[in-house]
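Here's the letter readout for the chains.
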Amino acid sequence: MPFFDAGFFDSGFFEADGSAPVASGVASFDLEIAVVDPLVFDSSAGYVRWYLTARIGAVDVSGRLSGAVSISAAEDSARVASLSVTPLSETELASYDSAAVTLDLTLFRTGQTATWRVFTGIVETVDFAADEQLASLACRDGWHEIPAACASAAEVEALFSGLASPAAKVLPWNDAEPDPAGYFQGLLATMRGATCVDSSGLWRAVPWAIGTPAATFDASEIFDGSLVLTRPNRKDVPEAITARLTHRHYRLHGMDIGLEWEAVDRVRYVVDGLPTAPKSMIQQALDSIPGWLVKGTASLVSPIPGTYGVIVGGATVPYVISPQVAEISCQEMTATIHRRWYQEIEISYGVRIDMGGLSDRDDSVAITITSTFDAGAWEQAPSAAPSSGLYADNAPVVAVPPTGYEGLPLPHPPINGAMDHGADIGSGDLAAAAEHTVARALRLASAGKRRQRLRFERPADPRWEVGAVLAINAYGVTGTGQVAELEMLLDHDSGDATSSLTLACPDGTGSTTVFTATATPPAVTVTHGGPAIILGNPVGAAFETPATPDEDLLIGFLCNVLPTSDNYDLTKPVYEPQFRIIAPEIAAEYRDPLQIDVDMTATVQIAGSGVGVTI
Amino acid sequence: MLTFAFYADPAMTTPLRSALQSTQASASPSAQDLVVYFGSRNPARTAVAAGGGAITLTPSGAGAANVRLANTLAGLDSATPGAAIDLAAEIDGGVGWPIYVRVLDTTGSAGLRSVNFTTSTINEVEV
């Protein structure tokens, strides 16, 4: 007999991770399929009887309905219903508040029966007319509550079934202060379709697609005089809609410049008494160029110690360089200095959607995204951290962060070039923002064109939901469109049962509403740099010293001849001894904020085939 | 108490309390696609099949042969009418699991047919 029964652990009582279930059972739902003969909707001569089954909470109030019951629905709005019922008691009246409501319409025709769910929602308001003992109920579905109850961006986005264009940098979701309703509205503005809750209470995302109609109605199937064509208002169809996505970020520049210097000929040390250039002076000068950093280590070459013969006036004079002097003096120097700086840049990606309207007003969609980047800190090199002075002895060994050029933070721009740095806005974010921008423009354009509508009435016809594709061919008007609005009126007093359907019939270019959008950043073609700067040895108080020196040319080792020199001129400028380096200035075109307009690559297609009218 | 249930929307705000309705024409009917969501509002719960393997969803009733089930809209085209489907071995709470239902009654016989959709026994565990 085994020590333990392995089957117990395979029995499902414990899960794979060993956790015990907190609940167990099955979940289920029901579906009722009503198979009906379409003849029940035939509007030809004959008659149709109807019966409305209304349930408020658990109570069937069908037999106590009176007056007209209306149900209406439209794109991107709640389905509403109104009905009047006689309550049996005060308790029942009170139970109407916020009660669940379902309305089922049953149509009878000779030999045919069809039952249809026409409304699922809750009671919004109750008005009780005491004299008639009649409660008038206004009911609404959950179109507003469903987005508002979402707890994450993913939940809201799921409501659109991929028909919206999220872009986190344009329309961010804030976990700290979630605003699902606002996020929903932001995404809705990019949707290539419409949302609704259907008659069964199911949330639907309906694409704006107009293909083959599910039914075509001729004059015999609609009420006389009910067909109305509404053309879009002038404001709904402008000449064009322009969309512009502006990306604010930084262009990061980097420039290297070579520096070269060589000491004067030895003869001048003897003849003019010129000093040698100390290495410390040169290094200090290199370290003190405003905005520039020495890249790597400067090469400071000492003169070779020894005694050299210098010819002065035909005689050879010894010139002695001691090892001590050689060590602190510089004979020649080569170095590379580096500078980085940022430039604010706005790249504006634009696209224009021609609407074909006569209004000279252009509607526009303008979206701006801004990179978050501490450009000031990026530009600065870290300096050596001051000693903390905490330890008298045995200070702990810590890694010393690099300073100067080696400590410059990422990213490093290309040598003598530039790069556009989006920082927190990557290529994926830019692509999403471009799609979001064009989607908003497309929505605007499509919604405008969808204002061309055909409205008609016919006997109660609950088959069609928002988004259904239907066609009209009556009274010289032909058109195919999507149900954008519907209303059903069931009058218990007159017996009338009518449906009013409004079709959106845009002048489109295809059967689907789709777009493509690509924002391609322009290439950065900046080139910096140039030949190395040759530093000289301007000598002051000499006959060759200019009376008015060009100060921009006073670079290198500035020194003076001694008064005892034959070359001495007491009238000429005497320089402050120093090693002077002037680095090039940054041109304004690479420093001032830059604005670039480029075209976005985009295509749009609006579903629809328009309306034909024969006068 | 089991928190996993079926909902009318992906955010799982509207539980399916009453039967869904679908109407089909008796002649030349066209398919009607519905989508419902299975899940729990409690993100700290996970559903697993009690007997191991995948959680299944099985249609039953007079109209079962007239429905197809799939985990994707595209999957409806190749789904077998009346067949059960595997949802997943584990389904985490907090996110609605979409289930696509295609209704197509080609019997040509008028009438009302009910279909019940039931999952296999599931265990809920705390994450």
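Residues numbered from 1 in each chain as written. Chains lettered and ligands numbered in written order. Predicted model: local features only at pLDDT ≥ 70, side-chain atom pairs only at ≥ 80, totals over all residues. Heavy atoms only, no water.

1. Topic: helix α7 (residues 279-287) of chain A
Given 3.6 residues to a turn, an α-helix orients residues that are three or four positions apart in the same direction.
Residues and elements named next belong to chain A.
Here is step 1: For α7, every residue scored as buried is listed here: I282, A285 and L286. Summarising the axial view, the buried residues of α7 lie within an arc of 100°, below the 170-degree limit, and thus occupy one face. Along α7, the residues that are exposed and aim more than 90 degrees away from the buried face are S280, Q284 and D287. (Buried < 20%, exposed > 50% of the residue type's maximum accessible area, 1.4 Å probe, protein only. Helix = DSSP H or I, 4+ residues; strand = E, 2+ residues; numbered from the N terminus. Arc of directions from axis to C-beta.)

2. Focus on the interface of chain B and chain A
Here is step 1: Taken residue by residue, the interface counts 58 residues in chain B and 39 residues in chain A.
Here is step 2: Where chain B abuts chain A, roughly 4200 Å² becomes buried across the two surfaces, and 57% of that area is made up of carbon and sulfur atoms.
Here is step 3: Broken down residue by residue, the surface that chain B buries against chain A is led by L20, Q21 and T23 of chain B, which jointly contribute 15%.
Here is step 4: Our enumeration of links across chain B and chain A arrives at 1 salt bridge.
Here is step 5: Between R41 of chain B and E155 of chain A there is a salt bridge whose closest N-O contact spans 3.6 Å. (Contact = heavy atoms within 4.5 Å. Buried area = accessible area lost by both parts, 1.4 Å probe. Salt bridge = Lys/Arg side-chain N within 4 Å of Asp/Glu carboxyl O.)

3. With respect to the confidence of the model for chain A
All names here are of chain A.
Here is step 1: Counting all residues, the mean pLDDT for chain A is 90, and 94% of those residues have values of 70 or more.
Here is step 2: By mean pLDDT, helix α1 (residues 6-9) is the weakest element of chain A at 42, and strand β6 (residues 80-85) is the strongest at 98.
Here is step 3: In this model, residues 1-14 is a region of pLDDT below 50 whose contacts with residues beyond four sequence positions or in other chains number 11 contacts. (pLDDT = per-residue confidence, 0-100.)

4. Here we look at unusual backbone geometry
Residues and elements named next belong to chain A.
Here is step 1: Note that the residue after L410, namely P411, is joined by a cis bond; omega there is 0°.
Here is step 2: Relative to the elements of secondary structure, P411 occurs in the loop between α9 (375-379) and β23 (417-421).
Here is step 3: One non-glycine residue, A423, adopts positive backbone phi at about 55°.
Here is step 4: Judged by relative accessible area, A423 falls into the partly exposed class, the value being 32%.
Here is step 5: Unlike most non-glycine residues, Y475 shows phi in positive territory, near 55°.
Here is step 6: Taking relative accessible area as the criterion, Y475 reaches 44% and is therefore assigned partly exposed.

5. Digging into empty space enclosed by the protein
All names here are of chain A.
Here is step 1: A full pass over the atoms with the stated rule returns 2 cavities of 30 Å³ or more.
Here is step 2: Of the pockets and cavities examined, the largest cavity occupies roughly 50 Å³.
Here is step 3: Contributing to the lining of the largest cavity are Y269, T276, P303, Y319, I321, V325, S329, C330 and Q331.
Here is step 4: Looking at the lining of the largest cavity, the elements that each hand over two or more residues are β19 (315-321) and β20 (329-330).
Here is step 5: Of the residues belonging to the lining of the largest cavity, the class tally is 6 nonpolar, 3 polar and no charged.
Here is step 6: Put simply, the second largest cavity is a space of about 40 Å³.
Here is step 7: Residues belonging to the lining of the second largest cavity are distributed by class as follows: 9 nonpolar, 1 polar and no charged. (1 Å grid on protein atoms, 1.4 Å probe; cavity = no way out; pocket = protein on both sides within 12 Å on 5 of 7 lines; lining within 4 Å. Points joined across faces, edges and corners; volume = space filled by probe spheres on them. Nonpolar A, V, L, I, M, F, W, Y, C, P; charged D, E, K, R; others polar.)

6. Overview of the environment of F184 of chain A
Residue and element names in this part refer to chain A.
Here is step 1: Looking at the secondary structure, you find F184 in helix α5 (residues 180-188).
Here is step 2: Of the residues examined, F184 reaches a relative accessible area of 2% and is grouped as buried.
Here is step 3: Distance from F184 to T513, taken between C-alpha atoms, is 20 Å for residues 329 residues apart in sequence.
Here is step 4: Residues in contact with F184, not counting those within four places in the same chain, are W143, P147, V156, L159, F160, T195 and W203.

7. A look at the pairing of strand β14 (residues 238-262) of chain A
Residue and element names in this part refer to chain A.
Here is step 1: Of all 25 residues that make up β14, 18 are buried, and the element is covered over most of its length.
Here is step 2: Relative to strand β21 (residues 332-354), β14 runs antiparallel, the two sharing 23 bridges. Across the sheet, the residue bridging to H249 is I345, located in β21.
Here is step 3: As paired elements, β14 and β23 share 5 bridges and run antiparallel to each other. Each residue of the ladder has a partner; that of G254, found in β23, is G417.
Here is step 4: Pairing geometry for β14 and strand β29 (residues 533-535), over 3 bridges, is parallel. (Pairing = 2+ DSSP bridges.)

8. Comments concerning the nonpolar core
Residues and elements named next belong to chain A.
Here is step 1: Grouped together as the largest cluster of nonpolar side chains are 42 residues, with contacts concentrated most on L259, W261, I282, L286, M333, L535 and F579.
Here is step 2: Elements with a contribution of two residues or more to this core: β14, α7, β19, β21, β29 and β31 (556-560).
Here is step 3: One finds L52, V61, I71 and A99 within the second-largest nonpolar core, a separate group that totals 34 residues. (Core = buried A, V, L, I, M, F, W, Y, C linked by side-chain atoms within 4.5 Å.)

9. As for the pairing of strand β2 (residues 28-36) of chain A
Here is step 1: Bridge count for β2 of chain A against strand β10 (residues 111-119) of chain B is 8 bridges, and the pairing is antiparallel. Note that in β10 of chain B the partner of D30 of chain A across the bridge is N116 of chain B.
Here is step 2: Pairing of β2 of chain A with strand β2 (residues 20-25) of chain B involves 6 bridges; the strand directions are parallel. Bridge pairing in β2 of chain B links V35 of chain A to Q24 of chain B.

10. Observations regarding the layout of surface pockets
Here is step 1: Here the second largest pocket defines a volume of roughly 530 Å³.
Here is step 2: As for the second largest pocket, its lining consists of 23 residues, and the residues nearest its centre are T120, G121 and I122 of chain A together with T14 and R17 of chain B.
Here is step 3: Mapped by element, the contributors of at least two residues to the lining of the second largest pocket are β7 (100-109), β8 (112-129) and α3 (145-148) of chain A.
Here is step 4: Across the lining of the second largest pocket, the residue classes break down as 8 nonpolar, 10 polar and 5 charged.

11. So, the environment of H338 of chain A
Residue and element names in this part refer to chain A.
Here is step 1: Within the secondary structure layout, H338 lies in strand β21.
Here is step 2: The class of H338 is buried, set by a relative accessible area of 7%.
Here is step 3: When the C-alpha atoms of H338 and K295 are compared, they prove to be 5.9 Å apart, with 43 residues separating the residues in sequence.
Here is step 4: In this structure H338 touches G254, M255, D256, G291, W292, L293, K295, Y405 and L408, once residues within four positions along its chain are discounted.
Here is step 5: In this structure the side chain of H338 is engaged in a polar contact, spanning 2.7 Å, whose partner is the side chain of D256. (Polar contact = N/O pair within 3.5 Å; in protein donor to acceptor, adjacent residues only side chain to side chain.)

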